[in-house]
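Below, each chain spelled out in residue letters.
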There are 2 protein chains.
Amino acid sequence: MKRQPASDDVEQRGKLYEGKAKIVYATSDPKLIIQYFKDDATAFNALKKGTIVGKGVVNNRMSATLFQRLAKAGVPTHYVATLSEREMLCRRLDIIKIETIVRNVVAGSLAKRTGLEEGTPIRQPIVELYYKSDSLGDPMINDDHVRMMALATPAELAWMKRTALKINAVLRPHMLKHDLILVDFKLEFGRGAGRKLYLGDEISPDTCRLWDRATREKLDKDRFRRDLGGVEDAYQEVYRRLVGDAAGA
Amino acid sequence: MKRQPASDDVEQRGKLYEGKAKIVYATSDPKLIIQYFKDDATAFNALKKGTIVGKGVVNNRMSATLFQRLAKAGVPTHYVATLSEREMLCRRLDIIKIETIVRNVVAGSLAKRTGLEEGTPIRQPIVELYYKSDSLGDPMINDDHVRMMALATPAELAWMKRTALKINAVLRPHMLKHDLILVDFKLEFGRGAGRKLYLGDEISPDTCRLWDRATREKLDKDRFRRDLGGVEDAYQEVYRRLVGDAAGA
């Protein structure tokens, strides 16, 4: 049996990358990185900027909880250990430059694209691919674009789509049990050692649309995007339902 | 043997639809319509409007020539007969609300979407789908959106993509023989009697990007879109190469 990497063996090293919501640090182990979750929030390709107090803590803990749930369901994730309120130890991945979106209910850009009303249920979940490029504004792409730009091999892309739907099949009923409708969510995948694929990034109200089951109130980053107020409360409510309850249960 | 519909049996009836570049008339035969090709030109979802003198004649004759070539190659098209300089007798189709684009060279929206320079060759032709909706600005969609909106069945969509690539395999070398690079083109398909699928619409410098093989000069609607001048000359040049030569050959 191989030994699991122990968090206390690993020392933080220099900053590798600072993104909009997270900082990534190298560690003394070249196969591991640390994700540091900030409270900074951006929307509309960083045209809108702000702070959501406590967001980093919510997103770190919620992502950890959901990554562990997914791992149990057989989905390989980059999660290794929770180091602190805002720090997650992760496998170092070569991130594939595709954002994979799964949708269960029409919202956001899908409402604009199709003319269908926000809230329209989708019979069979749909998957969308976006080219992860800030300078281009993350445009939607299709399988042929992925091949043309060699963003992923056909086998990798097929695995990503299949895994995205599997993740949906795990998370959607789990969230519904906590009275949350999983409207849609964004995933990022990457290649680890030996080009094995893992789920990376985070799963949080920054990357998921979550609506209250009864009231359909938005409990996610759309409150920030659309200036709906109560942004911090929404993040805390999701935390209470998905992490607080899990600790108690 | 079934008798081919003879154009002199058919009388024009009322206008069914007036589009940006064509008018569609009913005929005395409910299975047939007449496409009338106008000189009107629009671009950028009709934000830009103008006239290209003689365009209707070029597009009608060029489409007829290419539809006949495709029919010989086994591609079912709506073309029945040429009635006049600007009138084409066609099968009446229930048009599928998808614009299918095939691309051989990066240009237009693909350059914007990918950040690749216009003129970059594409090793293996790519297919894109757009939702045919003026009010939504013809947004790009994927196979899952097609299924969700029930725009086409999975079998129809597979046929459309396969046929689009087959059309490319016929037209691209044909145009190259006439010193034209087929950069990209738009197709529309529809259902005829018994839901059999046919290629509809037109194939012209309105719907294809065509570059001169040697100079890479644009010989298509981009001259109008981008105010490059010499618009009429470009259409006439394409006509001369693809229709004039064919008559002589």
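Treat the numbers as computed from the prediction; the structure is a model and nothing was measured.

Caption draft 1: The arrangement of the relation of the copies chain B and chain A in detail. Of the two same-sequence chains, chain B is brought onto chain A (RMSD 0.0 Å, axial shift 0.0 Å) by a rotation of 180 degrees. Here the transformation between the copies is reduced to the relation of a two-fold axis. When C-alpha positions in chain B are compared against the rotation axis, the closest is assigned to B:Asn142, at 3.2 Å. Mapped onto chain A, 100% of the interface residues of chain B again fall at the interface, so both copies present the same surface.

Caption draft 2: A look at the interface of chain B and chain A. Listed by partner, the interface residues are 23 residues for chain B and 23 residues for chain A. Of the roughly 1900 Å² buried at the junction of chain B and chain A (both faces included), carbon and sulfur atoms supply 62%. Area buried by chain B at its contact with chain A is led by B:Arg113, B:Met140 and B:Met148, which between them contribute 27% of it. Where chain B meets chain A, there are zero salt bridges. Of all the secondary structure elements, the ones that give two or more residues to the side of chain B that touches chain A are helix H2 (109–114), strand S9 (121–131), strand S10 (140–141) and helix H3 (143–148) of chain B. Looking at the side of chain B that touches chain A, the element that brings in the most residues is S9(B), giving seven residues.

Caption draft 3: Quick look at the sheet that holds strand S3 (residues 32–37) of chain A. Residue and element names in this part refer to chain A. Spatial ordering of the open sheet is given by S1-S2-S3-S7-S6, a layout of five strands whose pairing is antiparallel. Looking at the sheet topology across the chains shown, the edges are occupied by strand S1 (12–18) and strand S6 (79–82). Neighbour-to-neighbour, the strand axes of this sheet turn through a mean angle of 30 degrees, independent of strand direction. Summarising the sheet, S1 and strand S2 (residues 22–27) pair through four bridges and their orientation is antiparallel. Note that in S2 the partner of Lys-15 across the bridge is Tyr-25. Along the sheet, helix H1 (residues 55–72) makes contact with S3, S6 and strand S7 (87–91), crossing S6 at roughly 130 degrees.

Caption draft 4: The arrangement of the domain arrangement of chain A in detail. Residue and element names in this part refer to chain A. Looking at the assigned domains, one finds that chain A contains domain 1 (12–91) and domain 2 (94–230). Using only C-alpha atoms to locate each centre, domain 1 and domain 2 end up separated by 17 Å. By the criterion of area lost to domain 2, the three top residues of domain 1 are Lys-48, Leu-70 and Pro-76, representing 21% of everything that side buries. At the junction of domain 1 and domain 2, the tally comes to five salt bridges. For Asp-201, the salt bridge is made with Lys-22, and the minimal N-O distance between the two is 2.8 Å. If you list the elements that add at least two residues to the side of domain 1 that touches domain 2, you get S3, strand S4 (40–43), strand S5 (48–51) and H1. Broken down by element, the side of domain 1 that touches domain 2 gets its largest block of residues, nine residues, from H1.

Caption draft 5: Region of the structure containing helix H1 (residues 55–72) of chain B. All names here are of chain B. The first and last C-alpha atoms of H1 sit 26 Å apart over 18 residues, in line with the 26 Å expected at 1.5 Å per residue. Of the positions making up H1, those classed as buried are Lys-55, Gly-56, Val-57, Val-58, Asn-59, Asn-60, Met-62, Ser-63, Ala-64, Leu-66, Phe-67 and Leu-70. After H1 finishes, the residue Gly-74 shows a positive phi value of roughly 95 degrees.

Caption draft 6: Quick look at the pattern of salt bridges. Applying the stated rule across the entire model yields 64 salt bridges over all chains. In this structure, the salt-bridge partner of A:Glu217 is A:Arg223, at a minimum N-O distance of 4.0 Å. Among the residues examined, A:Arg223 registers a relative accessible area of 12% and is labelled buried. A salt bridge links B:Asp179 to B:Arg213; the nearest nitrogen and oxygen atoms lie 3.8 Å apart. Of this pair, B:Asp179 sits in the loop between helix H4 (154–177) and strand S11 (180–191) while B:Arg213 is found in the loop between strand S13 (208–212) and helix H5 (222–225), placing the two residues 34 residues apart along the sequence. A single salt-bridge network, built from bridges that share partners, covers A:Arg103, A:Glu118, A:Glu128, A:Asp184, A:Arg209, A:Lys218, A:Asp222, A:Arg225 and A:Arg226.

Conventions and cut-offs
- Residues numbered from 1 in each chain as written.
- Chains lettered and ligands numbered in written order.
- Predicted model: local features only at pLDDT ≥ 70, side-chain atom pairs only at ≥ 80, totals over all residues.
- Heavy atoms only, no water.
- Least-squares fit on C-alpha atoms with pLDDT ≥ 70 in both.
- Contact = heavy atoms within 4.5 Å.
- Buried area = accessible area lost by both parts, 1.4 Å probe.
- Salt bridge = Lys/Arg side-chain N within 4 Å of Asp/Glu carboxyl O.
- Helix = DSSP H or I, 4+ residues; strand = E, 2+ residues; numbered from the N terminus.
- Pairing = 2+ DSSP bridges.
- Axes fitted to C-alpha atoms, helices over the stretch in contact; angles between N-to-C directions.
- Domains from an automatic or database assignment.
- Expected span 1.5 Å × (residues − 1).
- Buried < 20%, exposed > 50% of the residue type's maximum accessible area, 1.4 Å probe, protein only.

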